[in-house]
Amino acid sequence: MSPDREPVGVIGTGYVGLVSAAGFAELGSEVWCVDIDAAKVERLQQGESPIYEPGLEELLAKHSGRLHFATDLAEALQRVRLLFVAVGTPPTYSGDADLSAVHAVVAAIPASDRHALVMKSTVPCGTGASIRRIFAEQGKGGLRYVSCPEFLKEGSALPDFLEPDRVVVGDEGDWAGDAVVDLYRPLLTPAHGGSGTGALVRTDVASAEMVKLASNAFLATKISFINEIANVCEETGADVVEVARGMGLDARIGPKFLQAGIGYGGSCFPKDVEALKQLAGNSGYHFQLLTAVIEVNELQKRRVIGKLHKHLGTLVGKRVALLGLAFKPHTDDMREASSLVLAARLHADGATVAAYDPVAEEQARGLLAGLVLAESAMDAVRDADAVVLVTEWPQCTGLDWGEVAAAMRGRVVIDGRNALDAQAVRAAGLRYEGIGRAAPDPLGGAAARRREDD
Ligand SMILES: NC(=O)c1ccc[n+]([C@@H]2O[C@H](COP(=O)([O-])OP(=O)(O)OC[C@H]3O[C@@H](n4cnc5c(N)ncnc54)[C@H](O)[C@@H]3O)[C@@H](O)[C@H]2O)c1
């Protein structure tokens, strides 16, 4: 351990906890990880990553001497002052965040003047205040509390952790907030005493909690917005890819999160947007915009079924290949993946569904009864009446469309992520349809003009 690096505890070794632990180890800290899942801890002790995240297994191996894994808190409590909490906060039936894992951690921390709970889990605004109240009621008022929300994206989680846009620290101005800022110091910009990329936002606990919820809600809004524009493009003959390009060049708008497709999924956006909507509702405010964002996203997943009906008529007895299952490329996370809704709808309409995903196969198995899991993209498309690109994995976007055409029974390719080379697909004799994309233009087409501009 670097002599001046604070050792840290990480409670919950999922996507956020494990990446944070590896990241802190990379910065030189000794890290004491705790998880109640004994099988997961055993795999980690053997140097195996229980999740797929690019570069993670290598970083865990590089710092195996600094990373310790256990199923109980005892050693972490002895070794560290800062206990980062990264347990899951899934949605409940009411749409609120389920804080039972957070509360289990709160209950397990003994009274102490030396420790602080640093909340990385995404929690509703007001959670910090309520945990501080619980601490006080239980005679544990000496424990400090810091909100330090996490903004990493699965698939690029390590670079996101090590090169953050911002580090948000919400605290009560005590030693714990200072210690968290010092821990992150190397990742902060020179203006904040570091040599990294992250601006520091030091604020109160409630505002830090809201920064996280509002950020995810805003990004989800941007996605639903461009998806609605795409749907209007389909009615009016415009190409949403061109429209998004033109919009994104406006610095006030920016190009990110303007890719139209079959809707957002994953473990964060759906639950965090719903949780913020419910939080507002519970506080007496009807968040109309988020209600629409959620509804647009639900409908967007199902529009693919309409496109398939348009091309194939009835889906009974038809074979549909789904390319990609994970909610986005470079992750094995299947939580709230659009593929789940799509496959279920296809089954309900009588289709046979074959699917391929380079890494999410294990996670997908068991989630969807009757799904045929293929060994490769080419296996999935064999004898298919239609192919749907669900996740823009390079293994799925970079296919030889001539070979695909030869292997398929039908002609239809639905590009659910607008990530395929439409011309190459059409040149193979297939019927390409994207999301919000114009039909081919006899004068050369928008795509041809785009290439000339680039
Ligand atoms: N996954 C993301 O991309 C992401 C990004 C930013 C924020 N977040 C937030 O971070 C939090 C964690 O998300 P995740 O995706 O890493 O979840 P996850 O489900 O992958 O991991 C949670 C881990 O916590 C463990 N756990 C549960 N209860 C525990 C307890 N009492 N003590 C110790 N360990 C316990 C579980 O066994 C599991 O390993 C959530 O609040 C999520 O919203 C996630």
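Residues take numbers from 1 onward in each chain, read along the sequence in its written order. Local features in this predicted model are restricted to residues whose pLDDT is 70 or higher, and side-chain atom pairs enter the listing and the counts only when it is 80 or higher, whereas totals over whole chains, interfaces and linings include all residues. Just so you know, side-chain values use all the structure's heavy atoms and leave hydrogens and water out.

A. Representation of the overall build of the protein chain in the model. Scanning the protein chain from terminus to terminus reveals 19 helices and 14 strands. Over its C-alpha atoms the protein chain spans a radius of gyration of 24 Å, differing by no more than 12% from the 22 Å that the globule rule assigns to 454 residues. By principal-axis analysis of the C-alpha atoms, the protein chain measures approximately 70 × 45 × 40 Å. Buried residues are those whose accessible area, probed at 1.4 Å on protein chains only, stays under 20% of the maximum for their type, while exposed residues exceed 50% and partly exposed ones sit between those limits. A buried classification covers 54% of the 454 residues belonging to the protein chain. By definition, residues are in contact when any of their heavy atoms lie within 4.5 Å. Considering only contacts in the protein chain between residues 6 or more positions apart, those separated by 24 or more positions represent 72%. Computed over 45 positive and 60 negative side-chain charges, the separation of the two mean positions in the protein chain equals 3 Å. Helix and strand assignments follow DSSP, with helices taken as H or I runs no shorter than four residues and strands as E runs no shorter than two, numbered in order from the N terminus. It is over C-alpha atoms that the radius of gyration is taken, and the globule rule equals 2.2 Å times the number of residues to the power 0.38. In this count, Lys and Arg are taken as positive residues and Asp and Glu as negative ones, while His and the chain termini are left out. Lys charges are placed at NZ, Arg charges at CZ, Asp charges at CG and Glu charges at CD.

B. Structural view of the site of the ligand. Whether a residue is near a molecule or strand depends on its heavy atoms: it is near if one of them lies within 4 Å of it. Inspection of the region around the ligand gives 28 residues, with D35, K40, T89, E154 and K271 positioned closest. A distance of 2.6 Å is found between an oxygen atom of the ligand and a side-chain nitrogen or oxygen belonging to K271. Any pair of N or O atoms that falls within 3.5 Å is considered a polar contact. Within protein, one atom must be able to donate a hydrogen and the other to accept it, and sequence-neighbouring residues count only if both atoms are side-chain atoms. Taking R335, its side chain carries an N or O atom lying 2.9 Å from an oxygen atom of the ligand. Note on areas: these come from Shrake-Rupley sampling with a 1.4 Å probe, and a residue is covered only by the protein chains present in the view. Considered on its own, the ligand offers 840 Å² of accessible surface; in the complex 88% of this is hidden by protein. The leading source of residues in the shell around the ligand is helix α5 (residues 100-108), at three residues. Each residue is assigned to one of three groups, with Ala, Val, Leu, Ile, Met, Phe, Trp, Tyr, Cys and Pro labelled nonpolar, Asp, Glu, Lys and Arg labelled charged, and all others, Gly among them, labelled polar. Of the residues that constitute the shell around the ligand, the class distribution is 12 nonpolar, eight polar and eight charged.

C. How the structure looks around the state of the cysteines. In this description, a disulfide is simply a cysteine sulfur pair whose atoms lie within 2.5 Å. Here the structure, examined in full by the defined rule, presents zero disulfides. In this model C148 remains outside any disulfide bridge; the closest cysteine sulfur is found in C268, 15 Å from its own. Residue classification places C148 among the buried positions, given a relative accessible area of 1%.

D. Inspection of the pattern of salt bridges at higher detail. By convention in these notes, a salt bridge is any Lys or Arg side-chain nitrogen within 4 Å of a carboxyl oxygen on Asp or Glu. Evaluated as defined, the whole model comprises 29 salt bridges. As a salt-bridge pair, E150 and K120 come within 3.1 Å of each other at their nearest N and O atoms. In this pair, E150 sits in the loop between β6 (144-147) and α7 (157-162) while K120 sits in the loop between β5 (116-119) and α6 (127-137), placing the two residues 30 residues apart along the sequence. Per residue, the accessibility class of E150 equals that of K120, and both read buried. Residues R132 and E172 are paired through a salt bridge, measuring 3.0 Å at the closest nitrogen-oxygen approach. Taken together, the residues R132 in helix α6 and E172 in the loop between β7 (166-170) and α8 (175-184) connect sequence positions 40 residues apart. A single salt-bridge network, built from bridges that share partners, covers E234, R303, K307, K310 and E433.

E. A look at the confidence of the model for the protein chain. The pLDDT value expresses, per residue, how confident the predictor is, ranging between 0 and 100. Taken over all residues, the pLDDT of the protein chain has a mean of 94, while the share at 70 or more is 96%. In the model, residues 442-454 has pLDDT below 50 throughout and makes 12 contacts with residues more than four positions away in sequence or in other chains.

F. View of the sheet that holds strand β12 (residues 386-389). Any two strands between which DSSP finds at least two bridges are classified as paired. The sheet built from six strands is open, its strands ordered β11-β10-β9-β12-β13-β14 with parallel pairing. Edge positions in the open sheet fall to β11 (372-373) and β14 (431-433), since each of these has one partner strand only. Here four bridges tie strand β9 (residues 319-323) to β12, and the two strands are oriented parallel to one another. Pairing of L322 across the sheet is with V388, part of β12. Between the N-to-C directions of two axes lies an angle of 0 to 180 degrees, each axis being a line fitted to C-alpha atoms and, for a helix, fitted only over the stretch in contact. Contacting β9, β12, β13 (412-415) and β14, helix α12 (residues 288-312) crosses the sheet at an angle of about 160° to β13. Those strands touched by helix α13 (residues 338-348) are β9, β10 (352-356) and β12, and its axis lies near 175° from that of β9.

G. Main features of the nonpolar core. Definition used in this section: a nonpolar core is a set of buried Ala, Val, Leu, Ile, Met, Phe, Trp, Tyr and Cys residues joined via side-chain atoms within 4.5 Å. Counting 62 residues, the largest nonpolar core has L308, L322, L323, L342, L346, V381 and V388 as the members making the most contacts within it. Setting aside its immediate chain neighbours within four residues, L322 contacts S339, L342, A343, L346, V353, A354, A355, Y356, V388 and V390. Counting residues in hydrophobic clusters, the runner-up holds 40 residues, among them A25, L44, V146 and L187.

H. Inspection of the environment of F135 at higher detail. Checked against the element boundaries, F135 lands in helix α6. A residue is classified by how much of its surface remains accessible, and F135, at 0% relative accessible area, is buried. For the pair F135 and L342, spaced 207 residues apart in the sequence, the C-alpha separation amounts to 45 Å.

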